[in-house]
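Structural characterization, general
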Amino acid sequence: MAEAGVGMAGSRRWRPSVPLAAVVSLLPLAAFAIAVVLMLRAERADRLADDIAATAANAAASIRHEVRHRIDGLTALAVSEALDRRDLPAIRLEMQRLYDRHPEWASLILTEVTHPDGRTATDLRPTIDLRPRIDLRRVEGEALPPDPDPSGAADVIADRRPVIGNLVDGHLPVRVPVVREGRVVFLLTALVRAGLFS
């Protein structure tokens, strides 16, 4: 009988228990659920990326509009006849009128540009002297500080077109050249509070 018992135990086949069978049968369902979750995450990530791209595009368009608005005002001032006459009191008055319409500006500055070595602004990197003439942050007659970003000024002079400079002391300089007879003779610089673009 002992042999029969051993034989029976040896011939028994392994049968999975009910909980293991249930887990195995749920594996395809779990795999499907994981696939659905991953697809939804990917779709959400794509939607989020599209939303971010749209927001960035809208912000860029808004910044372009704001900057164009500032450059247009400075460009109109750059053709003033008072600049031709170098009539500083009249120029200051015109600058003040423009400045008063832009509360987001920290200042408006007029810088005289001279070319001591006789080279013109059409040279690649002309030797220039920058002499601040009017700074609306300062009282008339007060000593004026030097240009905070001479490299940015040199870019405007070399290119003879408006340039937005690098952030300096929390302000973005928006510069417009005043060109007479092919030479940059003045720079108009609006110091725009950087918070405008945030």
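Residues numbered from 1 in each chain as written. Predicted model: local features only at pLDDT ≥ 70, side-chain atom pairs only at ≥ 80, totals over all residues. Heavy atoms only, no water.

1. Focus: the overall build of the chain
Scanning the chain from N- to C-terminus turns up five helices and five strands. Helices and strands in the chain line up, N terminus first, as α-α-α-α-β-β-α-β-β-β. Going through the 198 residues of the chain one by one, you find that 30% of them count as buried. Considering only contacts within the chain whose residues lie at least 6 apart along the sequence, 53% involve residues at least 24 apart. (Helix = DSSP H or I, 4+ residues; strand = E, 2+ residues; numbered from the N terminus. Buried < 20%, exposed > 50% of the residue type's maximum accessible area, 1.4 Å probe, protein only. Contact = heavy atoms within 4.5 Å.)

2. Quick notes on the environment of Y99
Looking at where Y99 falls in the secondary structure, it is placed in helix α4 (residues 88–100). Residue Y99 is classed as buried on the basis of its relative accessible area of 18%. Distance from Y99 to I109, taken between C-alpha atoms, is 10.0 Å for residues 10 residues apart in sequence.

3. A look at the sheet that holds strand β3 (residues 163–164)
The strand order across the open sheet formed by five strands is β2-β1-β5-β4-β3, and the pairing between neighbours is antiparallel. Every interior strand has two partners, whereas the edge strands, β2 (129–135) and β3, have only one. Relative to strand β4 (residues 171–180), β3 runs antiparallel, the two sharing two bridges. What sits directly across from I164, in β4, is V174. Each of β1 (105–114), β2 and β5 (183–193) touches α4; the most contacted strand, β1, lies at about 145° to it. (Pairing = 2+ DSSP bridges. Axes fitted to C-alpha atoms, helices over the stretch in contact; angles between N-to-C directions.)

4. Quick notes on the pairing of β4
In terms of burial, β4 is a largely internal element, eight of the 10 residues being buried. As consecutive antiparallel partners, β3 and β4 are separated by six residues, and within that stretch D169 has a phi angle of approximately 50°, a positive value. Summarising the sheet, β4 and β5 pair through 10 bridges and their orientation is antiparallel. If you follow L172 over to β5, its bridge partner there is V192. Here β4 folds back onto β5 in antiparallel fashion, the turn holding two residues, of which E181 has a positive phi close to 50°.

5. Focus on a nonpolar patch on the surface
Where nonpolar side chains cluster on the molecular surface, the patch consists of L26, L29 and F32 and spans about 340 Å² of accessible area. Mapping L26 onto the fold places it in helix α2 (residues 18–78). Relative accessible area serves as the criterion here: at 49%, L26 is assigned to the partly exposed category. (Patch = residues over 30% accessible without salt bridge, like charges linked within 9 Å, V, L, I, M, F, W, Y side chains within 5 Å. Areas by Shrake-Rupley, 256 points an atom, 1.4 Å probe, with all protein chains shown as cover. Salt bridge = Lys/Arg side-chain N within 4 Å of Asp/Glu carboxyl O.)

6. Some remarks on helix α5 (residues 150–159)
Within the span of α5, buried status applies to G152, A153, A154, V156 and I157. Elements that come into contact with the buried residues of α5 comprise β1, β2, β3, β4 and β5. Once α5 ends, the next one or two residues include R160, with phi positive near 55°.

7. Considerations on the nonpolar core
With 24 residues, the main nonpolar core has L74, M95, W105, L108, L110 and L188 as its most contacted residues. At the level of secondary structure, the elements contributing two or more residues to this core comprise α2, α3 (81–85), α4, β1, β4 and β5. The contact partners of L74, leaving out residues within four places of it in the chain, are L98, W105, L108, V174, V176, L188 and A190. Membership of the second largest hydrophobic core comes to seven residues, among which are V156, I157, V163 and L187. (Core = buried A, V, L, I, M, F, W, Y, C linked by side-chain atoms within 4.5 Å.)

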